[in-house]
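Spelled out from the first residue to the last, the chains are:
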Amino acid sequence: VKRVTFYLDGRKLATMTKPKRGRFSIAVGTRGISYGSHTLRAAVTMRDANCAPAQAVGVFARVKALTVRPQFAG
């Protein structure tokens, strides 16, 4: 693998050329994204020009935490 580029909802997040501990990985902070469904895509470029580009796509949902009102007895 020559490099991996990560995209969130079509926007480029990062391009990595050297894996950390043998793996390419990225942490996505959710504070700046809206609630709902999002697509994370990793596009891989191979070192050998004879290899076709590869990609993996994952979908995740950001949801609001359930609000529970306190119950008072008495």
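Here the structure is shown first, and the text comes after it.
Residues numbered from 1 in each chain as written. Predicted model: local features only at pLDDT ≥ 70, side-chain atom pairs only at ≥ 80, totals over all residues. Heavy atoms only, no water.

## Some points on the environment of methionine 16
Next up, step 1: Position of methionine 16 relative to the elements: it lies in strand β2 (residues 11-16).
Next up, step 2: On the basis of relative accessibility, which here comes to 17%, the residue methionine 16 falls in the buried class.
Next up, step 3: On a C-alpha basis, the gap between methionine 16 and valine 4 in space is 5.4 Å, while along the polypeptide they are twelve residues apart.
Next up, step 4: Aside from chain neighbours lying at most four places away, what touches methionine 16 is Lys2, Arg3, Val4, Phe6, Phe24, Ser25 and Ile26. (Helix = DSSP H or I, 4+ residues; strand = E, 2+ residues; numbered from the N terminus. Buried < 20%, exposed > 50% of the residue type's maximum accessible area, 1.4 Å probe, protein only. Contact = heavy atoms within 4.5 Å.)

## Quick notes on the pairing of β2
Next up, step 1: Examined bridge by bridge, strand β1 (residues 3-8) and β2 share five bridges and lie antiparallel to one another. Bridge pairing links leucine 8 to arginine 11 in β2.
Next up, step 2: Between β1 and β2, which pair antiparallel and follow one another directly, the connecting turn spans two residues, one of which, aspartate 9, has a positive phi of 55°. (Pairing = 2+ DSSP bridges.)

## Let's talk about the side chain of threonine 5
Next up, step 1: Structurally, the position occupied by threonine 5 is in strand β1.
Next up, step 2: Accessibility expressed as a relative area gives 8% for threonine 5, which makes it buried.
Next up, step 3: In this structure the side chain of threonine 5 is engaged in a polar contact, spanning 3.1 Å, whose partner is the side chain of threonine 15.
Next up, step 4: If sequence neighbours within four positions are ignored, threonine 5 has contacts with Lys12, Ala14, Thr15, Arg41, Ala42 and Ala43. (Polar contact = N/O pair within 3.5 Å; in protein donor to acceptor, adjacent residues only side chain to side chain.)

## Details of the nonpolar core
Next up, step 1: Of all hydrophobic cores here, the largest spans five residues; its members are Val4, Phe6, Met16, Ala42 and Val44.
Next up, step 2: When residues of this core are traced back to their parent elements, those giving at least two are β1 and β3 (36-45). (Core = buried A, V, L, I, M, F, W, Y, C linked by side-chain atoms within 4.5 Å.)

## Brief notes about the sheet that holds strand β4 (residues 54-62)
Next up, step 1: Sheet architecture is open: four strands sit in the order β2-β1-β3-β4, paired in antiparallel fashion. If you trace the sheet from one side to the other, it starts and ends with β2 and β4, each paired once. Taking each pair of neighbouring strands and ignoring which way they run, the sheet shows an average axis angle of 20°.
Next up, step 2: With nine bridges joining them, β3 and β4 adopt antiparallel strand pairing. Among the inter-strand pairings, threonine 39 is bridged to a residue of β4, identified as valine 59. (Axes fitted to C-alpha atoms, helices over the stretch in contact; angles between N-to-C directions.)

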